[in-house]
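Next come the chains, spelled out residue by residue.
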Amino acid sequence: MSLSTIIVPSEYSYVIGTFVASAFVLQWMGFRVTSARKRLGVELPSLYADAAEARKDKDKHLFNCVQRGHQNTIESYAQFVGLLAIGGLKHPPLASAGGVVYLAGRIAFMLGYSTGDPSRRRAGMFGYLGLITLLGTTISTALSIGKFL
C-alpha cells in the first residue's frame, strides 16, 4: 500500500465557503422549527406532534411539515458534506457550485414543505442536480487518487 499526498488547491476556499453557507442554511431551518413549535403549540421533547392529533388539528399538521423539512435535510447532511469535501479536492469550483445548487434546492424544499402541503416540497427537487454533481466530482477524485484517471 502506498500513500498519496493530497494537495489542497487554493480554490478549495470555495468549498469551505459552501460548507459555511450550509451551516447557515441548517440554522435557518432550525429557527423555523423553533418558531413553528412555539407558534403552533408543540412542546419539547416531542420531535413531532402526535399523528392522530395532526390528522385533526391543522396547526399540528403544519408543524409536522416544518419539522419534516428540517429533519429530511439533516438525514442527508453527512452525505452532502462528505461529497462536498472529497469532490472539492480535485474540482473545487464545480463541487462548490454543485453544493450551492443543492443548498438552494434544500431551501426551496423547506419553503414548500412549510406550507403544510407536503407535495409542495417538490419545488426543491432541482437540488438533486447539485448532489449528482457532487457525486460525480467525488468519483472523479477517487479515481484520480487510485490512479485510474
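Here the structure is shown first, and the text comes after it.
Residues numbered from 1 in each chain as written. Predicted model: local features only at pLDDT ≥ 70, side-chain atom pairs only at ≥ 80, totals over all residues. Heavy atoms only, no water.

Chemist: Describe the overall build of the chain, and please don't skip the residues or the numbers.
Modeler: The helix and strand tally for the chain stands at five helices and zero strands. The C-alpha radius of gyration of the chain comes to 19 Å, more than 25% above the 15 Å expected for a compact globule of 149 residues. Taken across its 149 residues, the chain has 40% of its residues classed as buried. Put simply, the chain shows about 8700 Å² of open surface, and 65% of that area lies on carbon and sulfur atoms. Computed over 15 positive and 8 negative side-chain charges, the separation of the two mean positions in the chain equals 6 Å. (Helix = DSSP H or I, 4+ residues; strand = E, 2+ residues; numbered from the N terminus. Rg over C-alpha atoms; globule rule 2.2 N^0.38 Å. Buried < 20%, exposed > 50% of the residue type's maximum accessible area, 1.4 Å probe, protein only. Areas by Shrake-Rupley, 256 points an atom, 1.4 Å probe, with all protein chains shown as cover. Lys, Arg positive; Asp, Glu negative; His and termini not counted. Charge placed at Lys NZ, Arg CZ, Asp CG, Glu CD.)

Chemist: Explain unusual backbone geometry residue by residue, including any values.
Modeler: Going from Leu44 to Pro45, the amide bond is cis rather than trans, its omega being 10°. Relative to the assigned elements, Pro45 resides in the loop between α1 (12-40) and α2 (51-56).

Chemist: So what's going on with the layout of surface pockets? Residues and values would help.
Modeler: Counted as a void, the largest pocket has a volume near 190 Å³. Lining the largest pocket, in full, are Ser4, Thr5, Ile6, Ile7, Leu89, Lys90, Thr141, Ser144, Ile145 and Lys147. The set of elements that each furnish at least two residues to the lining of the largest pocket consists of α3 (58-90) and α5 (127-145). Take the lining of the largest pocket: its biggest share by element is three residues, from α5. Its residues placed into classes, the lining of the largest pocket shows four nonpolar, four polar and two charged. (1 Å grid on protein atoms, 1.4 Å probe; cavity = no way out; pocket = protein on both sides within 12 Å on 5 of 7 lines; lining within 4 Å. Points joined across faces, edges and corners; volume = space filled by probe spheres on them. Nonpolar A, V, L, I, M, F, W, Y, C, P; charged D, E, K, R; others polar.)

Chemist: Hey, could you go over the environment of Arg32 for me, with residue numbers and the actual values?
Modeler: Tracing the backbone through its elements, the reader meets Arg32 in helix α1. The sequence separation of Arg32 and Gly69 amounts to 37 residues, and the corresponding C-alpha distance is 9.9 Å. Setting aside residues up to four positions removed in sequence, Arg32 forms contacts with Val66, Met110, Leu111 and Ser114. Separated by 3.4 Å, the side chains of Arg32 and Ser114 make a polar contact. (Contact = heavy atoms within 4.5 Å. Polar contact = N/O pair within 3.5 Å; in protein donor to acceptor, adjacent residues only side chain to side chain.)

Chemist: Which residues make up α5, and what are the values?
Modeler: Under the 1.5 Å per step criterion, the end-to-end length of α5 is 27 Å for 19 residues, consistent within 8% with the ideal 27 Å. Regarding α5, the residues found buried are Gly127, Gly130, Leu131, Leu134, Thr137, Thr138, Ser140 and Thr141. Lys147 sits one or two residues past α5 and shows a positive phi near 65°. (Expected span 1.5 Å × (residues − 1).)

Chemist: Tell me about the side chain of Lys60, residues and numbers included.
Modeler: Mapped onto the elements of the fold, Lys60 is located in helix α3. It turns out Lys60 is buried and unbridged, and the closest side chain with the opposite charge, Asp57, is 4.2 Å from it. Sequence-distant contacts of Lys60, defined by excluding residues within four places in its chain, comprise Leu40, Gly41, Val42, Ala49, Glu53 and Ala54. (Salt bridge = Lys/Arg side-chain N within 4 Å of Asp/Glu carboxyl O.)

Chemist: Describe the side chain of Ser114, listing the residues and the values that go with them.
Modeler: Along the chain, Ser114 turns up in the loop between α4 (92-113) and α5. There is a polar contact of 2.7 Å between the side chain of Ser114 and the backbone oxygen of Met110. Apart from residues lying up to four places away in sequence, Ser114 is in contact with Arg32, Leu62 and Val66.

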